[in-house]
Amino acid sequence: MRLDSHTIGTGHTPIGLALGGGVARGWAHIGALRALIEAGIKPDIIAGTSIGSVVGGAYLAGKLDVLEKWARSLDRRRVMGYMDVRWGGSGFMRGERLAKVLHRYLGDVRIEELDRPFAAVTCDLRTGYEVWLQRGPLIPAVRASYALPGAFEPVKVDGRFMIDGALVNPVPVSACRALGAHMVIAVSLNGDAFGPIGSSHEIDLDDDGEDLIDPFDIAAQSLNKIRPDRLLLKSMIGNVKPGKSPKIGSVMMGTLNIVMDRISRSRLAGDPPDVFVAPRIGHIGMLEFTKAEELIERGYRAMQHEIPLIKSVMDVLSQMPSAPKHEEE
């Protein structure tokens, strides 16, 4: 689905919002959307990768309030409750418990029923091709978009097995442009993971001094130590101490962080957004789902800082003459 002359009004600059991947850091997208709503800026197109597709889809489905309430309610115990560990499958977790939560809050919404174009960015496991899911049920699409290899099982969509879109397009600016956006606002969750990549703002919130929470570590501490299979799991994802070799959870998240950072730098250099927003959240772990309050606040403040620039770009683009239409043969 693309925007066309029937979708947008005369003189209006179609705005695309590209919401990047970053696992738990994605709660920052909620704050970023809050800042846009407060400023009266309504994106015409949204493309989301991984957690970005979850937040973007919830927003377009009118469920942003519900998602925010749920995110803020997460604590260690609830996070553990969603980790349906399995053995012998193609992912560490089935993902069914989390899917039930999404169904409960988002229902059976279809992407084509949303009032604006939306694309959930994912990756075809067999070919490695980037895929934009723009039709069909919303829940399977966002599940495919966040199906991190090793953590979640691939999701079958239209006969193809899909995995996390962050492996091919961490911040989907290109998808927004392809769907008709003339101006693209990009929100990156990894802008300061390995040094800044273009963020123009500084945000310095007070640090509460708490140690970072790793759900993989929580899982290891909570396991029944009698069962041999759970002892094996503990050895895989157990405590990570300074000076000792990292466990699988830390390795997986660290690897994803590196991949997203390197691919983001390359793709954003070739197709830069008009406004780049990168909340200062690199100090928060990618599995710290219990940090919603801080992440939402940082996302809000990062976007709020860019509102004057966004409005300035909108004004400039609205004054530019539209490209002449080609006559149909």
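Keep in mind that this is a model prediction, so the values were computed, not measured.

Asker: It is not clear to me how the overall build of the protein chain should be interpreted in this structure. Could you clarify?
Answerer: A tally of regular secondary structure across the protein chain gives 11 helices and 10 strands. Every one of the 329 residues in the protein chain was classed for burial, and the buried ones make up 50%. The contacts in the protein chain between residues at least 6 apart in sequence include a share of 76% that link residues at least 24 apart. Summed over all atoms, the accessible surface of the protein chain reaches about 15,800 Å², with 52% contributed by carbon and sulfur.

Asker: So what exactly am I meant to see when it comes to helix α6 (residues 138–145) here?
Answerer: Three or four residues apart is the spacing at which side chains of an α-helix point the same way, because the helix has 3.6 residues per turn. Among the 8 residues of α6, 7 are classified as buried, and the element is accordingly described as predominantly covered. Buried within α6 are the following residues: L138, I139, A141, V142, R143, A144 and S145.

Asker: Even after reading the chapter, I still don't get the nonpolar core, so can you show me in this structure?
Answerer: As a rule of thumb, nonpolar side chains are buried together in soluble globular proteins. Membership of the largest hydrophobic core comes to 65 residues, with the highest contact counts inside it found for L17, W27, I185, M303 and I310. With 9 residues, the single largest contributor to this core is helix α11 (residues 292–318). Setting aside residues no more than four positions away along its own chain, I185 makes contact with I15, G16, L17, A18, L36, V275, V277, M303 and I310. Residues A18, I45, A47 and V171 belong to the second largest nonpolar core, which totals 15 residues.

Asker: What is the right way to look at the pairing of strand β8 (residues 160–164) in this model?
Answerer: Two strands pair when backbone bridges link them, and strand β4 (residues 118–124) and β8 are joined in this way by 3 bridges, in the antiparallel orientation. By the bridge assignment for β8, T122 is matched with D164. Summarising the sheet, strand β7 (residues 155–157) and β8 pair through 3 bridges and their orientation is antiparallel. When the sheet's bridge partners are listed, V155 is paired in β8 with M162. Counting the residues between successive antiparallel strands, the hairpin from β7 to β8 contains 2 residues, one of them, D158, with a positive phi of roughly 50°.

The rules behind these values
- Residues numbered from 1 in each chain as written.
- Predicted model: local features only at pLDDT ≥ 70, side-chain atom pairs only at ≥ 80, totals over all residues.
- Heavy atoms only, no water.
- Helix = DSSP H or I, 4+ residues; strand = E, 2+ residues; numbered from the N terminus.
- Buried < 20%, exposed > 50% of the residue type's maximum accessible area, 1.4 Å probe, protein only.
- Contact = heavy atoms within 4.5 Å.
- Areas by Shrake-Rupley, 256 points an atom, 1.4 Å probe, with all protein chains shown as cover.
- Core = buried A, V, L, I, M, F, W, Y, C linked by side-chain atoms within 4.5 Å.
- Pairing = 2+ DSSP bridges.

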